[in-house]
Amino acid sequence: MQTLLFTFMLNMVGFNYYLGSNPNSDETPNFDYSSTEMRRDCLVDSMTVLASTCIGIRYQYGGNSKNGFDCSGFVNYVFSSFGISLPRSSYEIANLGSPVAFDELKPGDLVFFKGRSTKSTRVGHVGMVIEKTNGGFKMIHASVSKGVRIDNYTDPYYKARFLFGKRLDLVS
């Protein structure tokens, strides 16, 4: 809980600097609070904080609650908590949104993977990007073997199974 609170506070401090405000100044920042990009970034930050509270919850096939999640159930849980409805399967979710080039992925984007077989071409897993890294990204997802967790794309298991990323229109 302390880590979550610290993360939230750090996000708020960073958010103030993102808005261009100086906490030691009486000057009001001149910023367009209606910016779609800024609203998306704030929403994604909130989604990431909520998703992080689920770390360690076990995997459960067909699960979509804190009693247990599968990958699409987890993504559904996070998105629906913010009023965004998604289909139930990773395969169906993959039909939504706009394709995103690998080097253009950013937090909030969904990433899709083959299932257990690297020979498959069908979507079998979904996660949400939470951080862009050097050479890839970190994602939060529900893993069959370890439940909800954060993994790095550079892990050979995920790198060999990566298919594509999608960006959903989170704010209009």
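In case you missed it, the structure is sitting above this.
Note that the coordinates shown come from a computational prediction; the quantities given were computed from them, not determined experimentally.

**Q** Quick rundown of the packing of aromatic side chains? Include the residues and the values.
**A** Counting across every chain of the model gives 12 aromatic pairs. Arranged with centres 5.2 Å apart and planes meeting at 55°, the rings of F69 and Y77 form a pair that is tilted. Feature note: the residues F102, F113, F137, Y153, Y157, Y158 and F162 constitute an aromatic cluster, connected by ring pairs. Above the ring of Y91, the side-chain terminus of R122 is found at 4.0 Å from the ring centroid. Directly above the ring of F102 sits K132, whose terminal nitrogen or CZ lies 5.5 Å from the centroid.

**Q** I'd like a rundown of the side chain of T133, residues and numbers included.
**A** Tracing the sequence through the fold places T133 in strand β5 (residues 123-133). By relative accessible area, which is 18% here, T133 ends up buried. Here F137 takes part through its backbone nitrogen, which lies 3.1 Å from a polar atom of the side chain of T133. For T133, the residues in contact, after removing those within four places along its chain, are K138 and N152.

**Q** Outline the sheet that holds strand β8 (residues 162-167), listing residues and values.
**A** Taken together, six strands build an open sheet; the order of strands is β3-β8-β4-β5-β6-β7 and the sheet is antiparallel. The open sheet has two edge strands with one neighbour each: β3 (98-100) and β7 (147-152). Taken over all neighbouring pairs, the strand axes of this sheet differ in orientation by 35° on average, direction set aside. As defined by bridge partners, β5 adjoins strand β6 (residues 136-143) across five bridges and the pair is classed as antiparallel. By the bridge assignment for β6, M128 is matched with I140. Along the sheet, helix α2 (residues 36-52) contacts β5, β6, β7 and β8; its crossing angle with β5, the most-contacted strand, is approximately 115°.

**Q** Give a detailed account of the pairing of β7, specifying residues and quantitative values.
**A** In this sheet, β7 lies alongside β6 in antiparallel orientation, the contact comprising six bridges. When the bridges of β7 are listed, A142 appears paired with V148. What sits between β6 and β7 in their antiparallel hairpin is a turn of three residues.

**Q** Can you lay out the environment of G124 for me, pointing to particular residues and giving the numbers?
**A** Secondary-structure assignment places G124 in strand β5. Sequence separation between G124 and Y91 is 33 residues, and the spatial gap between their C-alpha atoms is 6.6 Å. Setting aside residues no more than four positions away along its own chain, G124 makes contact with C71, S90, F113, K114 and G115.

**Q** Can you lay out the packing of α2 against helix α3 (residues 71-80) for me, pointing to particular residues and giving the numbers?
**A** Remark: α2 packs on α3, axes separated minimally by 9 Å, with the N-to-C direction vectors making an angle of 130°. Here α2 lies oblique to α3, going by the angle between them. The handedness of the crossing between α2 and α3 is right-handed. Contacts between α2 and α3 involve M47, L50 and A51 from the first element and F74, Y77, V78 and F79 from the second. In terms of residue class, the contact of α2 with α3 is built from seven nonpolar, no polar and no charged.

Conventions adopted
- Counting restarts for each chain: residues are numbered from 1 in the order of the written sequence.
- Totals for whole chains, interfaces and linings use every residue, but because this is a predicted model, local features are given only for residues with pLDDT of at least 70 and side-chain atom pairs only at 80 or more, for both listing and counting.
- Remark: hydrogens and water are excluded; side-chain values derive from all non-hydrogen atoms of the structure.
- Classification of ring pairs rests on two measures: the distance between centres of Phe, Tyr or Trp rings, Trp counted by its six-membered ring, which must be within 6.5 Å, and the angle between planes, read as stacked under 30 degrees, edge-to-face over 60 and tilted in between.
- Cation placement over rings: the criterion is NZ of Lys or CZ of Arg within 6 Å of the ring centroid and within 35° of the ring normal.
- Helix numbering and strand numbering both begin at the N terminus, where a helix is a DSSP run of H or I of at least 4 residues and a strand a DSSP run of E of at least 2.
- We call a residue buried when its accessible area falls under 20% of the maximum for its residue type, exposed when it is over 50%, and partly exposed in between, using a 1.4 Å probe and counting protein chains only.
- We define a polar contact as two N or O atoms separated by no more than 3.5 Å, with the added condition that, inside protein, one atom must be a possible hydrogen donor and the other a possible acceptor, whereas residues neighbouring each other in sequence contribute only through side-chain atom pairs.
- Should any heavy atoms of two residues lie within 4.5 Å, those residues are considered in contact.
- Pairing between two strands requires that DSSP report at least two bridges joining them.
- In this description, a line fitted to the C-alpha atoms serves as the axis of each element, helices being fitted only across the stretch in contact, and the angle between N-to-C directions of two axes falls anywhere from 0 to 180 degrees.
- Between 65 and 115 degrees an angle is taken as roughly perpendicular, under 35 as roughly parallel, over 145 as roughly antiparallel, and anywhere else as oblique.
- Crossing handedness is defined as follows: a turn of the near helix away from the far one that is anticlockwise and smaller than a right angle gives a left-handed crossing, while the clockwise case is right-handed.
- Amino acids are sorted into nonpolar (Ala, Val, Leu, Ile, Met, Phe, Trp, Tyr, Cys and Pro), charged (Asp, Glu, Lys and Arg) and polar (every other residue, Gly among them).

Scope: geometric values only; no functional claims are made or implied.
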